Structures are given as C-alpha cells and as structure tokens.
Amino acid sequence: MSKKLGLTAAGAVLALSLAACGGEGAGSGSSGSSDKAAEDLSIGVSMPTQTSERWIADGNAVKKQLEKEGYTVDLQYANDDIPTQTQQVDQMITQGADALIVAAIDGTALSSQLQSAADADIPVISYDRLIRDSENVDFYVSFDNFAVGVAQANALLTGLGVKNDDVPEGTETGPFNVELFAGSLDDNNAHFFFDGAMSVLQPLIDDGTLVVTSGQTKIDQVATLRWQQETAQKRMEDLLTGSYNDGTLVDGVLSPYDGLSRGIITALQNAGYGPTTEGGAQPMPIVTGQDAEIASVKLIDDGVQSSTIFKDTRLLAEQAVIAAKAFLSGDQPEANDTETYDNGKKVVPSYLLPVQTVFKDDIQSVLVDSGYWTAEEVTSGQAG
Ligand code: GAL
C-alpha cells in the first residue's frame, strides 16, 4: 500500500516537473498522447476558406500559438468545398494527428471523419462553428453567438436612431424599411445569429417600427449559402428591383457578416445609394456586419458601412490552444458553458468569448489600440 502511494507520488512529481518544463507528459489522457513531449505531437488544423480574411487570421493565430507551445502543426484550408475538407481531415488522421481543431464548412458533413478520430483516440475541438450530429466532438470554442445577433440588431437600431442615446426620445419613430440577411444554413452559427437578431427586431416588426418591405423574414428566405458575397449582392439586387422599384427607400440592412455586407453595399451603390454630397444620391442605408474584416473596417471608417461585430480571433485561437493542450495532457479543458450547444447528439462543453460592437468611433480604441489592425491598414483597407 505504502509502496503504491509512494509510486503515485513519484509519478505526480515527475508529471509536475515535466509540465513545468513545458513537456506535455502529465496525466493519462483520452488522446493516448500524454506520454509524448510537445515536440512529438502534431495537431491538425482544418479551416474552411482563405477567401475571407478572418479565417486566414484564425489559421495564422492558431498555428503561431500552437508552434509556440512546441507542437507541429498541419494547417489546411478547404476552399469552402466539403469534399476537400473531409479529405483533408481524413489525411490528418491517417498521418497521425494527435489532436484536431476544425472549423467546419458544413457542420454535419464530418461525422465519418470524426468517428475515425474517436477510434484513434484523437480529441476533436470544434472551432467557432459547432460540428453537428456527432458524438465525437470533445470541445467547442467560440463566441457567444446569440449575443452576436443581438448586438447586430442593436447596432442596426442604433444606426437608424431607433435606439440611440444621442437621439432624443421620440425623435425617430420610423417606420424604417429594412431587409434581413442570414448566413449559410449549414453553419450552426447562422441560426444563432439570426435568432439573436430577431429576438430584438421581431417586436419592432410587429409594432410597425420596422417594415421588411420584401416580406422575407424567415431564415430560409434570407439565408446565404456558404456566406458568399456575390450571393448576397445578387439577393440585394433582386430585392431592390422587386420591392423598391416604386421609389420606396431602404433604410437599413441586417447583415450577419462583413463579406455579405460588402456585397449588399455594392448592390446599393450600383442602385444609386451612397454619399449624399452629389445631388440626388440617396443616403447609404445602415448596414451591419461581423468579423471586423479590414476591407469593412475601412468602409466603416469611410462612413459607408455602419458597424461590425468584433470577435478577437487571437483570443479564440488562444482558447483552442488551451483546449488542445489540456486534452494532450490528459485533462479536460475548462468550459464556461455546458448548456447552450447541443449538436444533435450531445451538449458539447464550450468556451465562449464575448464580442464587441464597432462603429466608426470605436475603430481606434477597439481595433487599433488592441493591435488587431494598424492605423495604416484601416486607411488602406488592406491587411499587412
Ligand atoms: C461564421 C462565423 C462568422 C463569419 C462567418 C462567415 O461561422 O462565426 O464570424 O466568419 O462564419 O465566415
């Protein structure tokens, strides 16, 4: 008995000292990798696309932070193509990944890959977008996605002057003509964003403050497959020709993502909305966004787009790395939400980060002072 205790204690001391010198040897893990040093562990990072800056920033931040911990990183982008992503994840598994961090294109398309991962004892961290319909999702790192939608709706109202401390009570009563956009239906987040936004907007639609001229208020009517900018531009063009051809003006557009916002803004500009300095031009409607992509931050700085929601990808990457480290050390990562994210098979323990709304006046304090973008990048609208 005493010998066993002594051995256990010695094991604990060894584990602690390994942990203290940066090795990942402590504990006995679900990954089966807990006896290896970080240098001998490789982590597969699967990201959806490089067509959006945010995922490039996410990929870079995750890679950089994992490498700082000593891990080998296999970072792959799937070009928004589901078979490419399934193939890349398959390959990560066959090449012996010790953990996976995955931002899925289609939240339901990876079940068989995740089964292989589970069979090989590889922990899976779902990154920003929840992977659905699989038991084999071990952890979820994201933002408070319902709160994102609420913030977008509030930003729309603030821009319109419906809810704005600077606007005297009763000055702006509407009705305001608005149109609604949602993200890709196969992305779990799109539903959270839309539900969050509608929790704020629906009562104002019901009381007539907001008028959705097209009548399109259901998520499947307003969704945008793969979050494509061109698709949003096309839908906005169709809305303008279909519902605003009698001189009715658009006052605001709920857009859940900066890429969509840019498509929407292009359609509005092509239809004559824009700066009012030139006679006859109609004011640009209030357009919301998300991700603080640099091209959109410039548009906000220029007074074209009204707002975005900033989600600090550096902090998200940090949480993904903390979770991966925990699994590879044989521990469970610490969740701050164990109720919200039911993926259809189980409630996935989650770590959710807060978000910040950014209007023009917030660019300096929120995005530049924090080092997310430099003042030069904001002016040029280009990263780097
Ligand atoms: C969502 C993500 C948003 C936005 C969008 C389009 O899953 O939460 O921040 O990036 O995808 O890429």
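Residues numbered from 1 in each chain as written. Predicted model: local features only at pLDDT ≥ 70, side-chain atom pairs only at ≥ 80, totals over all residues. Heavy atoms only, no water.

1. A word on the overall build of the protein chain
Next, step 1: Secondary structure summary: the protein chain contains 13 helices and 12 strands in total.
Next, step 2: Burial statistics for the protein chain: of 384 residues in total, 50% are counted as buried.
Next, step 3: The contacts of the protein chain with a sequence gap of at least 6 include a subset with a gap of at least 24, amounting to 70%.
Next, step 4: When the accessible surface of the protein chain is summed, it comes to about 16500 Å², and 50% of that surface belongs to carbon and sulfur atoms. (Helix = DSSP H or I, 4+ residues; strand = E, 2+ residues; numbered from the N terminus. Buried < 20%, exposed > 50% of the residue type's maximum accessible area, 1.4 Å probe, protein only. Contact = heavy atoms within 4.5 Å. Areas by Shrake-Rupley, 256 points an atom, 1.4 Å probe, with all protein chains shown as cover.)

2. Let's talk about the pairing of strand S2 (residues 72–77)
Next, step 1: Along S2, the buried face is formed by Val73, Leu75 and Tyr77; none of Thr72, Asp74 and Gln76, which line the opposite face, is buried.
Next, step 2: In this structure, strand S1 (residues 42–47) lies alongside S2, joined through 6 bridges in parallel fashion. What sits directly across from Val45, in S2, is Leu75.
Next, step 3: Each parallel crossover has a hand, and for S1 linked through helix H2 (residues 53–68) to S2 it is right-handed. (Pairing = 2+ DSSP bridges. Right-handed = clockwise from strand over helix to strand, strands pointing away.)

3. Here's the deal with unusual backbone geometry
Next, step 1: Its identity as a non-glycine residue notwithstanding, Asn79 has a phi of 55°, on the positive side.
Next, step 2: The residue Asn79 is located in the loop between S2 and helix H3 (82–94) in this model.
Next, step 3: Classification of Asn79 by relative accessible area gives exposed; the value is 60%.
Next, step 4: One non-glycine residue, Asp291, adopts positive backbone phi at about 105°.
Next, step 5: Topologically, Asp291 is positioned in the loop between strand S9 (286–287) and helix H10 (294–301).
Next, step 6: The buried category is assigned to Asp291, whose relative accessible area is 7%.

4. Describing the pattern of salt bridges
Next, step 1: Under the criterion given, the structure shown has 14 salt bridges.
Next, step 2: For Lys298, the salt bridge goes to Asp302, with nearest N and O atoms at 3.1 Å.
Next, step 3: A salt bridge links Lys360 to Asp301, with the nearest nitrogen and oxygen atoms 3.9 Å apart. Within this pair, whereas Lys360 is found in the loop between strand S12 (356–358) and helix H12 (363–368), its partner Asp301 is found in helix H10, the two being separated by 59 residues in sequence.
Next, step 4: Residue Lys360 is classed as partly exposed on the basis of its relative accessible area of 43%.
Next, step 5: Classification of Asp301 as partly exposed rests on a relative accessible area of 27%.
Next, step 6: Linked through salt bridges whose partners overlap, the residues forming this network are Arg54, Asp58, Asp128, Asp291 and Lys311. (Salt bridge = Lys/Arg side-chain N within 4 Å of Asp/Glu carboxyl O.)

5. Topic: the nonpolar core
Next, step 1: Of all hydrophobic cores here, the largest spans 30 residues; its most connected members are Ile43, Val45, Met47, Leu66, Ile101 and Tyr127.
Next, step 2: Elements with a contribution of two residues or more to this core: S1, H2, S2, strand S3 (99–102), strand S4 (124–127), strand S5 (139–143) and helix H11 (313–328).
Next, step 3: Here this core gets 8 residues from one element, more than from any other, and that element is H11.
Next, step 4: Not counting residues up to four positions away in its chain, the partners in contact with Ile43 are Leu66, Tyr71, Thr72, Val73, Asp74, Ala99, Ile101, Ala324 and Leu328.
Next, step 5: Ala151, Met236, Tyr244 and Val287 belong to the second-largest nonpolar core, a separate cluster that totals 25 residues. (Core = buried A, V, L, I, M, F, W, Y, C linked by side-chain atoms within 4.5 Å.)

6. Observations regarding the sheet that holds S4
The strands making up a sheet associate through backbone hydrogen bonding, with each pair oriented either parallel or antiparallel.
Next, step 1: Strand order across the open sheet formed by 6 strands is S2-S1-S3-S4-S5-S11, with parallel pairing between neighbours. The open sheet has two edge strands, S2 and strand S11 (350–353), and neither has a second partner. With strand direction ignored, the average angle separating the axes of adjacent strands in the sheet is 15°.
Next, step 2: Looking at chain direction, S5 and S11 are connected through 4 bridges and run parallel. (Axes fitted to C-alpha atoms, helices over the stretch in contact; angles between N-to-C directions.)

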